[in-house]
Every structure is written in C-alpha cells, then in structure tokens.
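Breakdown of the fold
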Amino acid sequence: MIKTISYLGLGTMGSGMASNLLKAGYELTVWNRNVDKCESLARRGACVAHTPADAVSNVDLVMYSLSNDQAVEEVVFGAKGILDGIKDGQIAIDMSTVLPATSLREEEAYAKHSVDFLDAPVFGSKQESADAKLWIMAAGSKAVFEKVKPVLERLGQTVHYFGKNGNAAAMKLVGNLIVALELEALAEGLVLAEKIGLDLNTVMDVVKVADFRSPLLVSNGQNILKRDFSTSFALKLMLKDAGLIGKFGETLQSPIPALRVVEKNLASAVALGFGTENASALIKALEKEGDVEVKACPRAN
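Described in the following lines is the structure provided in the data block. Every value quoted in this text rests on a predicted model; they were computed, and no experiment measured them.

1. What about the environment of Asp205?
Positionally, Asp205 belongs in helix H10 (residues 200-209). Distance from Asp205 to Gln222, taken between C-alpha atoms, is 9.8 Å for residues 17 residues apart in sequence.

2. Describing the packing of aromatic side chains
The full count for this structure, using the stated rule, is 2 aromatic pairs. When the centroid spacing of 5.4 Å and the interplanar angle of 20° are considered together, the rings of Tyr110 and Phe117 count as stacked. Over the ring of Phe77 we find Arg105, and its NZ or CZ is 3.9 Å from the ring centre.

3. Side note on the sheet that holds strand E8 (residues 134-138)
Reading across from one edge, E7-E8-E9 is the order of the 3 strands in this open sheet, with mixed pairing throughout. Edge strands, defined here as strands with exactly one partner in the open sheet, are strand E7 (122-123) and strand E9 (156-161). Looking at chain direction, E7 and E8 are connected through 2 bridges and run antiparallel. Bridge assignment links Val122 to a residue of E8, and that residue is Ile136. On top of the sheet, helix H8 (residues 142-152) reaches E8 and E9; it is set at about 175° to E9, its chief contact.

4. Concerning the sheet that holds strand E4 (residues 61-64)
As summarised here, the arrangement of the 6 strands in space is E3-E2-E1-E4-E5-E6, forming an open sheet in which the pairing is parallel. Each edge of the open sheet carries a strand with a single partner, namely strand E3 (47-48) and strand E6 (116-119). Across 2 bridges, the pairing between strand E2 (residues 27-31) and E3 is parallel. Bridge pairing links Val30 to Val48 in E3.

5. Side note on H10
Within the span of H10, buried status applies to Leu200, Asn201, Val203, Met204 and Val207. End-on view of H10: buried residues confined to an arc of 155°, all on one side of the axis. Of the surrounding secondary structure, the elements contacted by the buried residues of H10 are helix H9 (167-196) and helix H11 (215-225).

6. Observations concerning the pairing of E2
Summarising burial for E2: 4 of the 5 residues are buried, a large majority. After leaving strand E1 (residues 4-8), the chain enters helix H1 (residues 12-23) and then returns to the sheet as E2, a path that is right-handed.

7. Re the pattern of salt bridges
Tallied over the entire structure, the rule returns 9 salt bridges. Residues Glu73 and Arg105 are paired through a salt bridge, measuring 2.4 Å at the closest nitrogen-oxygen approach. Residue Glu73 is found in helix H4 (residues 69-77), and its partner Arg105 is found in helix H6 (residues 100-111); the two are separated by 32 residues along the sequence. Several salt bridges converge on common partners, so that one network encompasses Arg227, Glu287 and Glu293.

What counts as what
Residues numbered from 1 in each chain as written. Predicted model: local features only at pLDDT ≥ 70, side-chain atom pairs only at ≥ 80, totals over all residues. Heavy atoms only, no water. Helix = DSSP H or I, 4+ residues; strand = E, 2+ residues; numbered from the N terminus. Phe/Tyr/Trp six-rings, centres within 6.5 Å; stacked < 30°, edge-to-face > 60°. Lys NZ or Arg CZ within 6 Å of the ring centre and 35° of its normal. Pairing = 2+ DSSP bridges. Contact = heavy atoms within 4.5 Å. Axes fitted to C-alpha atoms, helices over the stretch in contact; angles between N-to-C directions. Buried < 20%, exposed > 50% of the residue type's maximum accessible area, 1.4 Å probe, protein only. Arc of directions from axis to C-beta. Right-handed = clockwise from strand over helix to strand, strands pointing away. Salt bridge = Lys/Arg side-chain N within 4 Å of Asp/Glu carboxyl O.

In short, the description is geometric, and any link to function would need to be established separately.
This is the structure in structure tokens:
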C-alpha cells in the first residue's frame, strides 16, 4: 500500500494535486524550483526537499507535473535529478504534457533503476485540480496502474487506462488539439457576432443549449464577454502544446491543417503580450485584426 509520496512541480496544476494528496492523508514531500511555492504545503505538514534527488529518496511513489519537455529533462535526468535519488522498487508517474517520445525515454531510464513508470497527464485546469475533479489518463504496466489507481482517484473524477507507455501522453495531445480548435472556433464566432452586431448575451444563450454546446465553450465564452482572462491554463502553455501536437502529427504524417491556423493566432496573441493570461485570450489577436472588442453589455433587469 502506498503511504509516502513526493510531488515535484507546484505550478497551476501541481499545487492543487499536492494539496489533495495531503488532504487524503498521504505523507508528502514536495519540491519546486521556486521554493516559495512550497510554503503553504509545508505549513500543512509536507516536508520540503532541496533537490529532486532528495525529494524522491525515501517514498513509495514519485509524482511530478512539469511545464514542458525541457523541464522534464532537467528534473528527471539532470544533476541531482530524480534519477540520482530514486531506488529499486519505487514507482514514478509523470503527469506533465510532453511528447510520447519523452515518456518512452523516461520509461527506459527508470527501468534501468528497476523503477516502474506511468505517464499520466490530465485534462482540466486550475479549478479542477484544486477540487480533485481532473480527468486522468494513465499508461504503462496494468499491474502498476492498479496499484496507484487509488492515489489517482484522489485527484480526479475519472481515471482512464490506455495500455502501453506513451499512449496516455499521446491522448493528452489528441485532447489538447480538440481544445485548441474549440477555443479558436469560439473566438472566431464571437468576433464575427460582434462585427455583425448581434447581442452577445443572446449569442451565449444559444451556445449554452445548442447541439454544439460544451462546458469549455460556455465557461470561456462567458468569461470573454466579461473580459475576464484570469489564468486557468496560460495562453503561452497552449502555444507550447500546439508545437508539441505539430511535431507529433508530423512524425505520424497525420494532417493537422486547422492546428496551424490556431498556432498562428496563439503566437500572435503571445507576441501582443497576453501569454500569461488564460488561453481564451487568443481572441485578442483576432480582435486586433478585426478592430473590435468582444464585450457584452449588462442585461437590463
């Protein structure tokens, strides 16, 4: 039974997951490049490690959520990284959004240390992470998956098994492709509605009920109309993911023409200075091009 866990990477997603592991009663060790992000967890009883190697040295399970493939390279493979501290019999889970090839490289490296490995990225954003309502995918040994499933269930509302290592990382990119295209469609639609002079509140009333509705469209559409771009998933990270999806699609010779349009608009919005805002801020690049601002007027009582 898993009792002790280390969690590395306390960004928007990792901090929520680490908090829920503490809430679930696990003995938790945390590490983050910026140690200040460890303070609130430390006040609640978590141990704070000074290096990734220190963080993983005496736990049953190692979990981490890092910003990109380069961060995984540094934290897992670098000096005083996870591989310098992990031992035979432990389990490692990478919850980052990375290329499947990166997950397979991790699997190979951990196997040399007799460590089991799962790739287990998640769907959801800041609020779902905080509320333990993520949608989690996992790939690797089925026996290892069953062993860690009770832990994953403390972090998400659903957990899905995808078979061999790399498949969950691939599914994450498939899902993020769909998310990017949905946000682009929403942004283009709202800009068009504004240009033609439709009442945007009524537009969103239709989006909420029509057969093309989705929670993603509804929540982001409502926030756009309020000009609320507070960050659940940063625009610059979506641009990063679009690059990963592009590379992955190219390796498989799988056509992704619509993604190229979205990637261009994401890059434009980042260049305009909106990279740290929510991914829905990609609409600001289209607004600039269309010389409009999508903003709803208050409804009369």
